[in-house]
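Chain and residue survey
Residue strings, one per chain:
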Amino acid sequence: MNPFAYDFDVVVIGAGHAGCEAALAAARLGAKTALLTMSCDMVAAMSCNPAIGGIAKGQIVREIDALGGEMGRVIDATGIQFRMLNRTKGPAMHGPRAQADKKAYQFEMKRRIEDQENLTLRQEIVDRIEVTDGQVTGVWVRGPALYRARAAVLTTGTFLQAIMHTGEAKTAGGRAGEGTTNSLSQCLTDLGVELARFKTGTPCRLNGRTIDFNAVELQPGDAEPQPFSFLTNKITQPQVPCHLTKTNDTVHELIRQNLHRAPMYSGQIQSRGPRYCPSIEDKVVRFADQPSHQIFLEPEGRNTREYYCNGISTSLPRDVQEAMIHAIVGLERAEIMRYGYAVEYDFAPPTQLTSTLETKLVAGLYFAGQINGTTGYEEAAGQGLMAGCNAALKIAGKAPLILERSQAYLGVMIDDLVTKGVDEPYRMFTSRAEYRMLLRHDNAHRRLTPLGHAAGLVSAERWDQLQRLEAEIERANVLLETARAGGIMLDQILRRPEVGWDQICEMSPAAAALQLSPRAAEQVSIETKYSGYLRRQTAQIQQMEQVQGVLIPEHFAYHAVPQLRAEAKEKLANIRPRNLGQAARISGITPADLAILMLYIREPSRLAL
């Protein structure tokens, strides 16, 4: 054997949030997996905000956990403040979020990767992917050395031909203090993969010793923090407060006077940035009537005084950043430890992928994370888990794991990416999900753990806990539908807004005798109160599946359908939808196109081949 060649089943390139989940999923499914990173010290690094979760993002973390992923367990172990966002709204809108101890999160995830059987972590710089007859056969790293493998998962984040901008200054690199990789972009282009450019950014960090905390608003965590993971019984570590301040007219005028030095406005950056996480320059221009914008001062860990300034992402020059910070209440004497900057990087438009996140051009090549045009740790981790899982399943000759839009936010996200593509960095929102009443964070384990168990991703411990929970819920539901209090059925009483499971137990000794766990009581209460909505959404899904669930043959000859418009033929042949439902979501495809398509799917003998 060549001493500079190694044999694996799956190679994962990049050890960010996508890469970690991809490698863990592949290894847990029995694939011999290599996780290659430019620096073993930066595994699961939080390049931007030191937090996990949020609106819709929290749901994704719960779904990752339900499928056996690690993000939820790691943030539970290393979080320093936990909050449930949108608590005053309905349960479908609730979003768990936690501040992380940034370094503790990295070390905990790295340890779990090091402990995982079938998984090898290596510090390597990848130069190119080896492809033979349209199939991945390995990965070449500098040295040189070859990692032979039947599948590769590319999770390169913002490091493909990356350039950092702070004012007029430009530096090669995908993250402050780190380099970039150019050879992989050339390799992908040579393989026929289309690349484009996006931009993202980050704010400055401050020394907490120099912040006047008496002048800013205290923002504590929840009194009873709620864990992310189904396997975490309780958050026991003490919480650390965050603080809140805001910009003002002085700051806004300073920014307006220096827009000509901002790379996004000077023409230095041409790429599109994230609409829903704009720089402070964008906020001042786009929302000119707003007198101020909130700034959340978030600690980066228990053992550091460094604070992240959430809300003022910027690529303005250093001198402007200094003046801007010192014009903000509470930050008049603040010392900047790291200046904000923007990053331009290559990504691959995700319509080049199938629903398994495998590329259409190269068999065994999967993309996950920011290379697909997304933004956010949570979106990246979810894609990584699905890509790693499907890579291992394909090698084992098993059916892929594909989540539908009606099953998970992960299903919504992946379908959006591969069907609609992106024209700006993609971020998940609850509004993207048609069935968000069914896709709540609190029921992720009930929705997805059975699917994860069938695929082989889920531990016996998780599966056993879910079975016990389902048994509790079933007993409670039987009681609610058969017992009365004051002549009224218990389920009707529980539907009242002011009544919770505790009140039901006070009315019914039989309910109290069940001794439901808090999780079971929560599920029973929510599903009883919203039973009408849930039944309607379930019926809608069933109706949609009858028509839109019609499968389209993988190699269907769209060009041979004479009645299809040229635009429809081109788009359908490019996306290659799995079914009529996915075809209907392609921009520009009309109901008439779908009717024609259904006719030829049912009667393929009509095709003019």
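Since the model is a prediction, treat every value here as computed from it, not as a measurement. (Residues numbered from 1 in each chain as written. Predicted model: local features only at pLDDT ≥ 70, side-chain atom pairs only at ≥ 80, totals over all residues. Heavy atoms only, no water.)

**Notes on the sheet that holds strand E1 (residues 5-7)**
Taken in spatial order, the four strands of this open sheet run E1-E10-E9-E8, and their pairing is mixed. In this open sheet, the two edge strands, each paired with only one partner strand, are E1 and strand E8 (126-132). Across the sheet, the mean angle from the axis of one strand to that of its neighbour is 25°, orientation sign disregarded. One ladder, built from four bridges, connects strand E9 (residues 135-141) with strand E10 (residues 145-148); its direction is antiparallel. (Pairing = 2+ DSSP bridges. Helix = DSSP H or I, 4+ residues; strand = E, 2+ residues; numbered from the N terminus. Axes fitted to C-alpha atoms, helices over the stretch in contact; angles between N-to-C directions.)

**Re unusual backbone geometry**
What you tend to see is this: most non-glycine residues have negative phi, and most peptide bonds are trans. Following glycine 143, the chain continues to proline 144 via a peptide bond in cis, the omega torsion being -10°. Locating proline 144 in the fold gives a position in the loop between E9 and E10. Phi is positive for asparagine 118, close to 70°, though the residue is something other than glycine. With respect to the helices and strands, the residue asparagine 118 is situated in the loop between helix H4 (102-115) and strand E7 (119-123). With a phi angle near 50°, glutamine 161 is a residue other than glycine that sits in the positive phi range. Relative to the helices and strands, glutamine 161 resides in the loop between strand E11 (151-154) and strand E12 (163-166).

**Details of the sheet that holds strand E18 (residues 294-299)**
In space, the six strands of this open sheet follow the order E16-E17-E18-E19-E15-E20, with antiparallel pairing throughout. With partners counted over all chains shown, the strands left at the sheet margins are strand E16 (217-219) and strand E20 (336-338), one partner each. When strand polarity is set aside, the average angle formed by the axes of neighbouring strands in this sheet is 35°. The pairing of E16 with strand E17 (residues 242-246) spans three bridges and is antiparallel. Across the sheet, the residue bridging to leucine 218 is histidine 243, located in E17.

**A look at the environment of aspartate 212**
Structurally, aspartate 212 can be placed in the loop between strand E15 (205-207) and E16. With relative accessibility at 35%, the residue aspartate 212 sits in the partly exposed group. (Buried < 20%, exposed > 50% of the residue type's maximum accessible area, 1.4 Å probe, protein only.)

**Examining the packing of helix H3 (residues 71-78) against H4**
As a packed pair, H3 and H4 sit with axes 9 Å apart at the nearest point and diverge in direction by 135°. Relative to H4, H3 is oriented oblique. As for the relative orientation of H3 and H4, their crossing is right-handed in sense. Where H3 approaches H4, its residues Met71, Arg73, Val74, Ile75, Ala77 and Thr78 are matched on the opposing element by Ala104, Tyr105, Glu108, Met109 and Arg112. Of the residues in the contact of H3 with H4, the class split is seven nonpolar, one polar and three charged. (Parallel < 35°, antiparallel > 145°, perpendicular 65-115°, else oblique. Left-handed = near helix turned anticlockwise from the far one by under 90°. Contact = heavy atoms within 4.5 Å. Nonpolar A, V, L, I, M, F, W, Y, C, P; charged D, E, K, R; others polar.)

**So, the pattern of salt bridges**
As enumerated under the stated definition, the model contains 38 salt bridges in all. One salt bridge connects arginine 440 with aspartate 442, and the closest N-O pair in it is separated by 2.9 Å. Judged by relative accessible area, arginine 440 falls into the buried class, the value being 0%. When salt bridges that share partners are traced, they join Arg28, Glu70, Glu108, Arg111, Arg112 and Asp115 into one network. (Salt bridge = Lys/Arg side-chain N within 4 Å of Asp/Glu carboxyl O.)

**Section: the packing of aromatic side chains**
This structure, assessed with the given rule, holds six aromatic pairs. Among the aromatic residues, those joined into a ring-pair cluster are Tyr6, Phe8 and Tyr147. Across the ring face of phenylalanine 8, the terminal group of lysine 32 is positioned such that the distance to the ring centre comes to 5.1 Å. (Phe/Tyr/Trp six-rings, centres within 6.5 Å; stacked < 30°, edge-to-face > 60°. Lys NZ or Arg CZ within 6 Å of the ring centre and 35° of its normal.)

**What about helix H18 (residues 531-548)?**
The terminal C-alpha atoms of H18, which comprises 18 residues, lie 25 Å apart, in line with the 26 Å expected from a rise of 1.5 Å per residue. Here H18 has its buried residues at Ser531, Leu534, Gln537, Ile541 and Gln548. For H18, the angular spread of the buried residues around the axis is 140°, confining them to a single face. For H18, the exposed residues set more than 90 degrees away from the buried face come down to Arg535, Arg536, Gln543 and Gln546. The elements touched by buried residues of H18 are helix H17 (518-529) and helix H20 (580-584). (Expected span 1.5 Å × (residues − 1). Arc of directions from axis to C-beta.)

Honestly, that's just the spatial picture; any functional story needs more than this.
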